[in-house]
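# Overview (structure and organization)
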Amino acid sequence: MTSVTVVVPTRNNMRTIEACLRSVVDQTHPDVELIVVDNHSSDGTPQIAEEIADRVITAGPERSAQRNTGVRAATSEWVLWLDSDMILPPRTIALALETAHATGAMGIALPERTIGDGFWTACRALERECYLDDPWLHNPRLVRRDYLLGDGAFHLDMSGPEDADLRMKMRSSGAGIELAPIIIDHDEGRLTVADVIRKRYYYGRSIPAFAQEHDGAVTAQGRAVVKSYVRNHRRLLRQPGHAAGMVLLRALEAGGYALGARRGRRDRTGQAGR
């Protein structure tokens, strides 16, 4: 029986972590280890995790470091990582492993859909629907542990682009990535414009490190996203209000990324001058 360790990095996420962890425990695949890596939460997140997970580790400072900590602690052949606001359908791991065994892929991607309340969350959900049939845009989420302990370790200078960084490293090295025939839920709650911009600013600070590792990748990613929108234009036209909101949200996100990237470049320059 193939074993899988699920690693869940988290910080102050009481709202969703129980549903996330329960969805892991309820998998039909029988050999699943669950490790939560908590970044010094100040709410009840660690207490909830202690009740459900096989192991809870306190570590930081960022998501990439938390994931690497979980990978090192894992005891399984495969590692699957989740954000603590994601929910797996019961057969997710079984279908992901079946896909890996059938294709020989080193990594398996799990397409996501956004769930939650409010107008902006619906706009995000419509955006994600445009990517479901585009394998190039999906990052791996189940990967062989030995690869993650070596070349596939998450980049410590990235928080946000680290998944795309891993995807591009795997594709450039010939390590296959396949899509599993399953869609997982990403519970984004009630999104606000301010929340989205803050998060994109934070992620944008890692863009200089990402661009240094993958020349031209930021532009290529943007082109691929636009092509997905064009390919799904009929889907967008069926929801004109949410489509317009999606375009506005993406424009604001681009601004957040740009400001974050500018801050990231200043930070890197300052570190280099020390």
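In this text the structure is predicted, and so the values were computed from the model without any measurement. (Residues numbered from 1 in each chain as written. Predicted model: local features only at pLDDT ≥ 70, side-chain atom pairs only at ≥ 80, totals over all residues. Heavy atoms only, no water.)

## Some details on the overall build of the chain
In terms of regular secondary structure, the chain is built from 12 helices and 10 strands. Dimensions of the chain, computed from the C-alpha atoms along their principal axes, are close to 55 × 45 × 40 Å. The buried share of the chain, taken over its 274 residues, is 51%. Contacts spanning at least 24 positions in sequence make up 80% of the contacts within the chain whose residues lie at least 6 apart. (Helix = DSSP H or I, 4+ residues; strand = E, 2+ residues; numbered from the N terminus. Buried < 20%, exposed > 50% of the residue type's maximum accessible area, 1.4 Å probe, protein only. Contact = heavy atoms within 4.5 Å.)

## Points about the UniProt feature "domain: Glycosyltransferase 2-like" (unreviewed entry) in the chain
The residues that UniProt annotates with the feature "domain: Glycosyltransferase 2-like" (unreviewed entry) are residues 5-108. Across residues 5-108, helical content stands at 41% and strand content at 24%; the span's end C-alpha atoms are separated by 14 Å. (UniProt positions renumbered as here; feature names shortened; annotations may be inferred.)

## Things to note about the environment of arginine 72
Along the chain, arginine 72 falls in helix H3 (residues 63-73). A relative accessible area of 53% places arginine 72 in the exposed class. Between the alpha carbons of arginine 72 and leucine 148 there is a distance of 8.9 Å; along the sequence they are 76 residues apart. Beyond its immediate chain neighbours, meaning those up to four positions away, arginine 72 contacts Arg145 and Leu149.

## Details of the side chain of serine 206
Positionally, serine 206 belongs in the loop between helix H8 (193-204) and helix H9 (207-213). Each residue touching serine 206, except ones within four places of it in the same chain, is listed here: Asp157, Met158, Ser159 and Pro161.

## Some words on H8
In a regular helix each residue adds 1.5 Å, so 12 residues correspond to 16 Å; H8 covers 16 Å between its end C-alpha atoms and thus fits that length. For H8, the full list of buried residues reads Val196, Arg200, Tyr203 and Gly204. The arc enclosing the buried residues of H8, seen along the axis, measures out at 100°, which places them on a common side. (Expected span 1.5 Å × (residues − 1). Arc of directions from axis to C-beta.)

## Brief notes about the nonpolar core
One broad rule of soluble globular proteins: the nonpolar side chains tend to lie buried together. Among the nonpolar cores identified, the biggest contains 30 residues, and Val6, Leu21 and Leu82 are the most heavily contacted of them. Listed by contribution, the elements that provide at least two residues to this core are strand E1 (4-10), helix H1 (14-25), strand E2 (32-38), helix H2 (45-52), strand E4 (78-81) and helix H4 (92-103). For this core, the element with the most residues is H4, which contributes five residues. What valine 6 contacts, discounting residues up to four positions off in sequence, is Val24, Val32, Glu33, Leu34, Ile35, Leu80, Leu82 and Ile93. The next biggest cluster of nonpolar side chains, apart from the first, holds 19 residues, and it includes Ile35, Val143, Leu166 and Ile177. (Core = buried A, V, L, I, M, F, W, Y, C linked by side-chain atoms within 4.5 Å.)

## Digging into the sheet that holds strand E7 (residues 112-117)
With mixed pairing, the three strands of this open sheet are ordered in space as E5-E10-E7. Pairing within the sheet leaves two strands with one partner each, and these edge strands are strand E5 (86-87) and E7. As defined by bridge partners, E5 adjoins strand E10 (residues 184-190) across two bridges and the pair is classed as antiparallel. Paired with methionine 86 across the bridge in E10 is histidine 186. Here helix H5 (residues 119-129) sits on the sheet in contact with E7 and E10, set at roughly 170° to E7. (Pairing = 2+ DSSP bridges. Axes fitted to C-alpha atoms, helices over the stretch in contact; angles between N-to-C directions.)

## Things to note about the packing of aromatic side chains
In this structure the tally under the stated criterion is four aromatic pairs. Aromatic side chains phenylalanine 119 and tryptophan 120 sit 4.9 Å apart centroid to centroid with 75° between the ring planes, which places their arrangement in the edge-to-face category. Aromatic side chains tyrosine 131 and tyrosine 229 sit 6.1 Å apart centroid to centroid with 25° between the ring planes, which places their arrangement in the stacked category. Of the two residues, tyrosine 131 is situated in the loop between H5 and strand E8 (140-144) and tyrosine 229 in helix H10 (residues 217-231); the sequence distance between them amounts to 98 residues. (Phe/Tyr/Trp six-rings, centres within 6.5 Å; stacked < 30°, edge-to-face > 60°.)

## Describing H2
Working note: α-helix, 3.6 residues per turn, so residues spaced by three or four point in the same direction. By the burial criterion, the buried members of H2 are Thr45, Pro46, Ile48, Ala49 and Ile52. Each buried residue of H2 lies within a common arc of 160° when the element is viewed along its axis, so the set occupies one face. In H2, the exposed positions angled more than 90 degrees off the buried face are occupied by Glu50 and Glu51. Those residues of H2 that are buried are in contact with E1, H1, E2 and strand E3 (55-58).

## Topic: the pattern of salt bridges
Using the criterion set out here, one finds 24 salt bridges in the structure. A salt bridge links arginine 67 to aspartate 83, with the shortest nitrogen-to-oxygen separation between them at 3.6 Å. Of this pair, arginine 67 sits in helix H3 while aspartate 83 sits in the loop between E4 and E5, and the two are 16 residues apart along the sequence. Aspartate 83 shares its class with arginine 67; the two are buried. Note that arginine 198 is salt-bridged to aspartate 195, the shortest N-O span being 2.5 Å. (Salt bridge = Lys/Arg side-chain N within 4 Å of Asp/Glu carboxyl O.)

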